[in-house]
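# Examination of the molecular architecture
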Amino acid sequence: MISHSRLKPHFGPRRLGAAALLLAPAIACANMGNIATTYGVLPSDVATVQALSMFNTQVSTTYYNPAFLARDTRGEMTAGLMHADPNLKADSQQHGKYKVQDDPTQQILLGLRTDLSGITELGQSVVLGLLLGSEKYSQELMAFTSQTAPYGQYFNHGREPLFLSLGIGTNIWRGLAIGFATRVTLHSDAKLVAHTDLSGNTQYETLDVTAKPVLRPILSMSLDWKETFCPDADCWYNGVETAFAFRGYSYARVSVDANTIIPGTIPEPGLFINLSTIDSYQPNTYVFGSQVKKGKWRTGVAHEFQEWSKLEDKLTAGHDDIKDVGDLQFRDTFIPRIGVEYEFEPGIGFSGGIAYQESPLETGVNKEINYLDARRTIFGLGFHATAQRVYGFAHPVRFDLAYQYHAIGERDFRLISDQTGKNDRVKTDGHVNVFAASISMQF
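Read on for a plain summary of the structure. (Residues numbered from 1 in each chain as written. Predicted model: local features only at pLDDT ≥ 70, side-chain atom pairs only at ≥ 80, totals over all residues. Heavy atoms only, no water.)

## Comments concerning the overall build of the chain
A count of helices and strands for the chain gives six helices and 21 strands. The buried share of the chain, reckoned over its 443 residues, is 50%. When the accessible surface of the chain is totalled, it reaches about 20,500 Å², and 58% of it is carbon and sulfur. (Helix = DSSP H or I, 4+ residues; strand = E, 2+ residues; numbered from the N terminus. Buried < 20%, exposed > 50% of the residue type's maximum accessible area, 1.4 Å probe, protein only. Areas by Shrake-Rupley, 256 points an atom, 1.4 Å probe, with all protein chains shown as cover.)

As structure tokens, then:
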């Protein structure tokens with residue numbers, strides 16, 4: 001999200017004027033977007049605003065609670081689409097009302113769940129889950145944008161080019177299951193060496209680009225109270241399940257090291273430019289959830305704690321000369337979620353949910369970067385139906401549809417940019433509409 005560019009010139013004093021424009025440090029930004037925590041992975045997660053995601057028998061539980069993979073050993077293949085349409089606005093004292101962001105997020109989602117018992121000698125089921133998401137319906141796998149924003153940019157509604165999670169779950173005792181998963185992100189490095197003239201024409205170029213996957217852990221445990229404490233009788237807590245999950249912080253990163261030589265102006269060893277940018281940062285997250293299933297009703301709550309305060313240390317790590325990155329300050333947040341599902345016929349039902357989220361952005365002033373964010377209330381609705389026989393399929397097929405609405409509260413910000421000389425006060429608000437659909441086949 002934040003990048004720090006530092007230039008290291010190596011040339012004599014007579015040439016300082018020619019390179020003066022290159023010496024201003026730049027600060028660039030990328031988004032904090034993450035489809036899984038901002039919206040939800042599958043329509044069932046979108047509809048219940050993730051309140052029931054820890055107890056979702058679909059493959060998306062790989063990310064939210066991999067222990068729950070062991071609850072259903074049937075195989076599953078899922079394909080889904082999601083379209084998030086933000087309408088985020090600002091009311092400026094100098095420029096009046098304008099849209100800050102209205103670029104949609106469009107994801108294609110693929111999931112696979114399968115039982116690995118047949119290839120192990122553990123004597124118990126081990127269920128594997130795999131989730132893959134790609135932006136712009138798979139047309140952008142490694143897209144990246146990083147910039148300053150004189151007129152503001154939203155903190156949490158950007159695109160996420162690649163979403164990838166892989167995990168397993170297994171039962172270790174009656175009703176008690178544990179799971180482990182990984183969140184996979186890419187850390188990319190680029191090195192450029194070039195000779196150029198003052199018109200930008202280059203020669204003798206050398207460009208080296210590498211990307212490596214970085215794995216971050218997801219750990220979880222789930223407990224079915226009936227199976228554990230009352231397996232052979234009817235007890236008051238029948239239908240009660242609880243779960244705990246920890247998701248380690250993750251982020252994508254792009255680092256660029258460039259060396260430019262301008263013959264007659266900047267001789268060897270040339271001008272060095274170092275750029276490091278963090279994108280799609282997600283903090284350490286602790287989630288405790290519970291659900292109660294009685295008859296046709298299923299009700300659940302999730303209490304989610306996100307440790308955003310660690311982001312300040314991450315931004316200044318390795319940059320001893322940068323004590324305060326654009327006045328950015330972050331606070332830890334707590335998100336309560338409530339969801340309900342009603343199945344009025346076997347395999348056919350409706351679901352809904354509500355959540356409230358405070359902004360992790362503590363200050364209303366962050367120079368040059370000019371992030372905008374505010375508290376939000378999130379509502380969700382969904383429908384699912386399972387067809388026992390569909391032409392061309394040998395197994396039952398499930399269809400899911402969901403809608404989610406983000407009502408973003410008003411908040412005052414001060415926008416400052418040395419580049420444009422802007423110093424303005426704005427009031428922000430807006431909303432986001434999210435639509436999701438999926439088709440799943442269990443086998």
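## Focus: the environment of A67
Tracing the backbone shows A67 in the loop between α4 (61–64) and β3 (76–92). Classification of A67 by relative accessible area gives buried; the value is 1%. Considered as a pair, A67 and F180 are 113 residues apart in the sequence and their alpha carbons are 7.1 Å apart. Look past the residues within four positions of A67 in its chain and what remains in contact with it is G169, A177, I178, G179, S220, M221 and S222. (Contact = heavy atoms within 4.5 Å.)

## Considerations on the packing of aromatic side chains
Aromatic rings considered in pairs are described by the distance between their centres and by the relative angle of their planes. Under the counting rule described, the total for this entry stands at 21 aromatic pairs. Ring geometry for F55 versus F68: centroids 5.7 Å apart, planes at 90°, classification edge-to-face. Remark: F68 occurs in the loop between α4 and β3 and F55 occurs in the loop between α3 (43–47) and α4; sequence separation between them is 13 residues. Taken as a pair, F55 and F68 share a single burial class, namely buried. (Phe/Tyr/Trp six-rings, centres within 6.5 Å; stacked < 30°, edge-to-face > 60°.)

## Comments concerning the pairing of strand β21 (residues 422–442)
The sheet contact formed by β3 and β21 spans 17 bridges and is antiparallel. Note that in β21 the partner of D91 across the bridge is K427. Where strand β20 (residues 397–417) and β21 come together, 19 bridges link them in antiparallel fashion. Within β21, the residue paired with F399 across the bridge is I439. (Pairing = 2+ DSSP bridges.)

## A look at the environment of W225
Note on placement: W225 falls in helix α5 (residues 225–229). Residue W225 is classed as partly exposed on the basis of its relative accessible area, which comes to 27%. As for W225 and G175, which are separated by 50 residues in sequence, their C-alpha atoms are 6.9 Å apart. In this structure, W225 is in contact with C230, Y237, V240, E241 and T242, ignoring residues within four places of it in sequence.

## Section: the pairing of strand β8 (residues 162–173)
Examined bridge by bridge, strand β6 (residues 126–135) and β8 share nine bridges and lie antiparallel to one another. Each residue of the ladder has a partner; that of S134, found in β8, is L162. Bridge count between β8 and strand β9 (residues 176–196): nine bridges; the pairing is antiparallel. The residue bridging L164 from the neighbouring strand is V184, located in β9.

## Section: the side chain of S125
Here S125 is to be found in the loop between β5 (105–115) and β6. Ignoring anything within four residues of it in the chain, the contact list for S125 reads T73, D115, S117, G169, T170 and N171.

## Thoughts on the side chain of T38
Secondary-structure assignment places T38 in helix α2 (residues 35–38). What T38 contacts, discounting residues up to four positions off in sequence, is Q50, N156, H157, Q404 and H406.

## Observations concerning a nonpolar patch on the surface
Residues M77, L112, L130, L166 and F443 make up a contiguous nonpolar surface patch of roughly 410 Å² in combined accessible area. Residue placement: F443 occurs in the segment after β21. Residue class for F443 comes out partly exposed when judged on its relative accessible area of 38%. (Patch = residues over 30% accessible without salt bridge, like charges linked within 9 Å, V, L, I, M, F, W, Y side chains within 5 Å. Salt bridge = Lys/Arg side-chain N within 4 Å of Asp/Glu carboxyl O.)

## Points about the pattern of salt bridges
Across all of its chains, the model carries 13 salt bridges by this definition. Across the pair R113 and D72 runs a salt bridge, and its minimum N-O distance is 3.8 Å. Separated by 41 residues along the polypeptide, R113 in strand β5 and D72 in the loop between α4 and β3 bring together distant segments of the chain. Of the two residues, R113 and D72, neither departs from the other in class, the shared state being buried. Here the salt bridges do not stand alone but share partners, grouping R71, D224 and E241 into one network.

## Thoughts on unusual backbone geometry
Cis geometry is adopted by the peptide bond preceding P269, which originates at E268 and carries an omega value of 5°. Considering the arrangement of structural elements, one finds P269 in strand β13 (residues 266–282). Positive phi, normally seen in glycine, also occurs at E368, with a value near 70°. Tracing the chain through its elements places E368 in the loop between β17 (348–357) and β18 (371–372). For E368, a relative accessible area of 13% gives the class buried.

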